[in-house]
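These are the residues of each chain, in order.
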Amino acid sequence: MNKKPWAGRFTQETNKLVEEFNASIFFDNRLYRHDIMGSIAHAMMLAKVGIITKKEADKIVSGLKAIEKEIETCLLPNEPIPDRSASGTGKFKFTPDLEDIHMAIEKRLLEKIGTVGGKLHTARSRNDQVALDIRLYLRDEIREVQRLIKELQKSLVSVAKKNLDCIMPGYTHLQRAQPIFFSHHLLAYYEMLKRDYERFEDCYKRINIMPLGAGALAGSPYSLDRDFIAKELGFLKPTDNSLDSVSDRDFCIEFCSASSVLMMHLSRFSEEIILWSSQEFDFIELSDAFSTGSSIMPQKKNPDVPELVRGKTGRVYGNLMSLLTTMKALPLAYNKDMQEDKESLFDTIDTVKDCLKIFSPMLETMKVNKQRMLDATKRGFLTATDAADYLVKKGIPFRESHHIIGKIVAYCIKNKRVLDDLTLKEWKGFSKAFEEDIKRAISVDASVNTRRIKGGTAFETVKKRLKEIEREMR
Ligand code: ARG
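Counting of residues starts from 1 at the beginning of each chain's written sequence and follows it residue by residue. For this predicted model, a pLDDT threshold of at least 70 governs which residues receive local features, and a threshold of 80 or more governs which side-chain atom pairs are given and counted, while totals over whole chains, interfaces and linings are taken from all residues. Only hydrogens and water are set aside when side-chain values are computed; all heavy atoms of the structure are taken into account.

Draft legend 1. Focus on the packing of helix α3 (residues 32-48) against helix α4 (residues 54-74). Axis geometry follows a simple rule: fit a line to the C-alpha atoms, using only the stretch in contact for helices, then measure angles between N-to-C directions, giving values from 0 to 180 degrees. Under the DSSP-based scheme used, a helix requires at least four consecutive residues in state H or I and a strand at least two consecutive residues in state E, with every element numbered from the N terminus. Contact geometry for α3 and α4: axes closest at 9 Å, N-to-C directions at 175°. The orientation of α3 with respect to α4, classified from their angle, is roughly antiparallel. Contacts between α3 and α4 involve Tyr32, Arg33, Ile36, Ser39, Ile40, Ala43, Met44 and Ala47 from the first element and Lys54, Ala57, Ile60, Val61, Leu64, Lys65, Ile67, Glu68, Ile71 and Glu72 from the second. In this classification, Asp, Glu, Lys and Arg are treated as charged, Ala, Val, Leu, Ile, Met, Phe, Trp, Tyr, Cys and Pro as nonpolar, and every other residue, Gly included, as polar. Grouping the amino acids of the contact of α3 with α4 by side-chain chemistry returns 12 nonpolar, 1 polar and 5 charged. In this scheme, roughly parallel covers angles under 35 degrees and roughly antiparallel covers those over 145, while 65 to 115 is roughly perpendicular and the rest are oblique. It only takes one pair of heavy atoms within 4.5 Å for two residues to be counted as in contact.

Draft legend 2. Inspection of the site of the ligand at higher detail. In this text, near means that some heavy atom of the residue lies within 4 Å of the molecule or strand in question. Every residue near the ligand is listed here: Ser24, Asp100, Arg126, Asn127, Val130, Tyr334, Lys336, Gln339 and Lys342. Polar contacts, as counted here, are pairs of nitrogen or oxygen atoms within 3.5 Å of one another; within protein the pair requires one atom able to donate a hydrogen and one able to accept it, and residues that are adjacent in sequence qualify only if both atoms are side-chain atoms. Contact distances for the ligand include 2.9 Å between a nitrogen atom and a side-chain N or O atom of Asn127. The Shrake-Rupley method, run with a 1.4 Å probe sphere, supplies the accessible areas, and residue values consider only the shown protein chains as cover. Coverage of the ligand by the protein chains reaches 87% of its 340 Å² of free accessible surface. Of the residues forming the shell around the ligand, the biggest block, 3 residues, is contributed by helix α6 (residues 126-162).

Draft legend 3. The packing of α6 against helix α12 (residues 341-364), seen in detail. Across the interface, α6 lies against α12 with an axial gap of 9 Å and an inter-helix angle of 15°. Classified by the angle their axes make, α6 and α12 are roughly parallel. In this structure, α6 crosses over α12, and the sense of that crossing is left-handed. Class assignment of the residues belonging to the contact of α6 with α12 gives a composition of 17 nonpolar, 3 polar and 9 charged. Crossing chirality is assigned from the near helix's rotation relative to the far helix, an anticlockwise turn below a right angle marking it left-handed and a clockwise turn marking it right-handed.

Draft legend 4. Fine view of the environment of Ser125. With respect to the helices and strands, the residue Ser125 is situated in the loop between α5 (101-113) and α6. By relative accessible area, Ser125 is classed as buried at 11%. Placed 87 residues apart in sequence, Ser125 and Leu212 show a C-alpha to C-alpha distance of 8.6 Å. When near neighbours in sequence (up to four residues on either side) are disregarded, Ser125 contacts Gly215 and Ala216. Engagement of the side chain of Ser125 in a polar contact is seen with the backbone nitrogen of Asn127, the distance being 2.8 Å. For the exposure calls, accessible area comes from a 1.4 Å probe over protein chains only, and a residue counts as buried if that area is under 20% of its type's maximum, exposed if over 50%, partly exposed in between.

Draft legend 5. Inspection of α6 at higher detail. Compared with an ideal rise of 1.5 Å per residue, which puts 37 residues at 54 Å, α6 spans 53 Å between its outermost C-alpha atoms and is within 8% of the ideal. Burial within α6 is extensive, with 26 of its 37 residues counted as buried. Capping of α6 at its N-terminal end is provided by Ser125; its side-chain oxygen lies 2.8 Å from the backbone amide nitrogen of Asn127. Expected span, for any helix, means 1.5 Å times one less than how many residues it has.

Rendered as structure tokens:
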């Protein structure tokens, strides 16, 4: 007969298809450590307020700790989403009839310590339990994501420092625009990652509120000590509304949103790495260890890693959309739709961590073609703006000087010349204001190093920012 924990009011067994369809254990099993952590705190609290005895609590706690060990021995280490094949090599069974990890652990507790195990779920619902578990789990994952962001920032700094004097074209519209230091370009990504880090930090604040005690939806008739549990589990405070506690998945959405922005940054960076490693650019070369070959074209060396990061960005966005859509029409409070939060969330966590992990060594091992980058600044009139600014210094209004330089560029294009090799006579043909020092003013070196303004690309400015960054990262 039916052995479900909720079987009391049922006279028929659950249809096998329903059992499979309803089950989340094959993906929510990764919550097991946090589920046990939450249950231990709950049991201790029940004893503290006298709902169960200290002895009963001790029995429950040691039972739960033993179950944690059992699960550890039958889950494959580092297996992110164990599938059905992981359904139990050890004593702990992952089977769909137990529906989810919460009920599977409770069932195992009953097997191990007998009927006293049945006291654990007093004053608790799976609705507040699962909300607690995800919060506990996500807190740890955020810290890990943040650690990986820092690692990547460190790699950026180290590559920037190794290539301090490397000058490259800066682009707008993917057209050569003005020369910049390569290190300055890299540090732009440092700033993006810094904001990403802060977004996760901000998300953490709203995760770090404790929902247990909300019960199924209306709160609990027992005089529970919610502050005790919050403190025990390191939460800032208990939640303030029981309905909201069990129906809120904002924190999952926020995590997926912060992850989407982070992936957008990694994807833009990937795009640049892909472009830069093309023969058309030839600015960098990824190490063989971070590239792949073609099954047909023997000469190929492909940037699969950044391409995959760019590709995976789509699925992280998709997960965010999926969560938003799942939640958009749910009446309060809990609805089973919300079980669909997990795969989107877990997949986002795994994807983001994988991408961050691979990015650092990929950057650190890539070869930077300094000369190619510098050569690229010589074609495309990248210092035309500097020539215009030169005239401004001689008292010519910018709009006018812009026009004059435009004419000079057109002249160069027509006669296959570059600014660098125009004679003073030719310059003067366009404006009497030009003197010998125009040659220096339009050099790539002068162009970058006059941009000493805060946030600019000048060598000294970038070096100063690097110093600040090293202090920030300590
Ligand atoms: N497995 C469920 C989930 O992930 C746990 C909560 C179930 N609650 C319920 N009332 N059926 O959402």
